[in-house]
Amino acid sequence: MSHAVPGLAKAVEEIADEMRQRPDRGDVASYIPELARVDANSFGLAVVSADGSVTAAGDSDTSFSIQSISKVFTLTLALGLVGDRLWRRVGREPSGSPFNSIVQLEHERGIPRNPFINAGAIAVTDAILSGHQPREALGEILRFMQFLAHDSSIAIDESVAASEKRTGFRNIALANYMKSFGVLDNPVDYTLGVYFHHCAIAMSCRQLAMAGQFLAHSGRNPATGLSVVSAERAKRINAVMLTCGHYDGSGEFAYRVGLPGKSGVGGGILAIAPGKASIAVWSPGLDKSGNSHLGRLALESLTKRMGWSIFGA
Ligand code: GLN
């Protein structure tokens, strides 16, 4: 028996119904050709409450490419491995630039603005890779996701990884540029191989919301009692998600949704309502900043109805 949060089941059901019918769906990412094959009409929403119960609607059990949402988990792993030294090679300020921007890197001598833009996430991946073979580092990342979601079936979509590798000219440029400043320790090919593959992890909304629980509950999974990170670290990861999780759309997301969140070009968003819920939404069509268009609208509606914005009301 789950202790249902009043109004949540109704809100999730109604929001999913509304979103499935809306004609404005945004544009599915096509710069990674394999991502363009997804059905733009998909919509999924899953909420894991504090007691571990899941409230879900729509395509909440369909796997999609988590893409940049993986950066939350690689940041968590890297902080666990190297601690605050990580902040020597990556900043934590919002960029105000697109996720794959190159311009800031030159001004800032190869130190990316934050761990969620592509350059920053590549630098974080490089920190995880040090001392390992690429295959081992990738295994660590995948096992971490499986552990957090309590689901060993989570896997990498090799066709998405290969597709991104074939067309990843911009990321290759970013990585080489950082390498020229000595920001990357490992061979560029190795670091990018791990990066492309962790972006290609496929998960459903349900699995993703499960994996995010530790961020909603001071670093612990309240259902199992297992601690993943300290309360302080969870707080800081949420802070970076709030300020940087949606690239140059981060201000708008904070304004409209009011939760720490991380988007991916696969159309997913992981959002954290501290103390209350871990939420995952998926709609493949993106807005001009590369964030899920209906995903954000759904979260805006959910936080409004549930009173979950961290800013009150
Ligand atoms: N793998 C994608 C890339 O590097 C991730 C981008 C995203 O999800 N915003 O371009």
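Residues numbered from 1 in each chain as written. Predicted model: local features only at pLDDT ≥ 70, side-chain atom pairs only at ≥ 80, totals over all residues. Heavy atoms only, no water.

Caption draft 1: Main features of the nonpolar core. Formed by 60 residues in total, the largest nonpolar core has its most connected members in Phe73, Ile201 and Met203. Every residue in contact with Ile201, bar those within four places of it in the chain, is listed here: Phe64, Ser65, Ile66, Ile141, Leu142, Met145, Ile154, Ala155 and Ile156. In terms of nonpolar packing, the next biggest core, distinct from the first, is built from 26 residues, Leu8, Leu45, Ala271 and Ala273 among them. (Core = buried A, V, L, I, M, F, W, Y, C linked by side-chain atoms within 4.5 Å. Buried < 20%, exposed > 50% of the residue type's maximum accessible area, 1.4 Å probe, protein only. Contact = heavy atoms within 4.5 Å.)

Caption draft 2: Local environment of empty space enclosed by the protein. Applying the stated criterion across every chain yields a total of 3 cavities of 30 Å³ or more. Of the pockets and cavities examined, the largest cavity occupies roughly 60 Å³. Taken together, Tyr31, Ile32, Gln67, Ser68, Phe99, Asn118, Glu164, Asn171, Tyr195, Cys199, Tyr247 and Val265 make up the lining of the largest cavity. In the lining of the largest cavity, the residues fall into 7 nonpolar, 4 polar and 1 charged. (1 Å grid on protein atoms, 1.4 Å probe; cavity = no way out; pocket = protein on both sides within 12 Å on 5 of 7 lines; lining within 4 Å. Points joined across faces, edges and corners; volume = space filled by probe spheres on them. Nonpolar A, V, L, I, M, F, W, Y, C, P; charged D, E, K, R; others polar.)

Caption draft 3: The arrangement of the packing of aromatic side chains in detail. Within this structure, the stated rule accounts for 5 aromatic pairs. On the numbers, 5.0 Å between centres and 10° between planes, the contact of Phe64 with Trp282 is stacked. Here the residue Phe64 occupies a position in strand E4 (residues 64–65), and Trp282 occupies one in strand E9 (residues 277–282), the gap between them amounting to 218 residues. Among the residues examined, Phe64 registers a relative accessible area of 4% and is labelled buried. Residue Trp282 is classed as buried on the basis of its relative accessible area of 2%. (Phe/Tyr/Trp six-rings, centres within 6.5 Å; stacked < 30°, edge-to-face > 60°. Helix = DSSP H or I, 4+ residues; strand = E, 2+ residues; numbered from the N terminus.)

Caption draft 4: The site of the ligand, seen in detail. In the vicinity of the ligand, the contacting residues are Tyr31, Gln67, Ser68, Phe99, Asn118, Glu164, Asn171, Tyr195, Cys199, Tyr247, Gly264 and Val265. Between the ligand and Ser68, the relevant distance is 2.6 Å, taken from an oxygen atom to a side-chain nitrogen or oxygen of the residue. Within the side chain of Glu164, one N or O atom sits 2.8 Å away from a nitrogen atom of the ligand. Within the complex, 99% of the 300 Å² of free accessible area of the ligand lies under protein. Among the cavities detected, the one that contains the ligand is the largest cavity. (Near = heavy atom within 4 Å. Polar contact = N/O pair within 3.5 Å; in protein donor to acceptor, adjacent residues only side chain to side chain. Areas by Shrake-Rupley, 256 points an atom, 1.4 Å probe, with all protein chains shown as cover. Sits in = over half its atoms within 2 Å of the grid points.)

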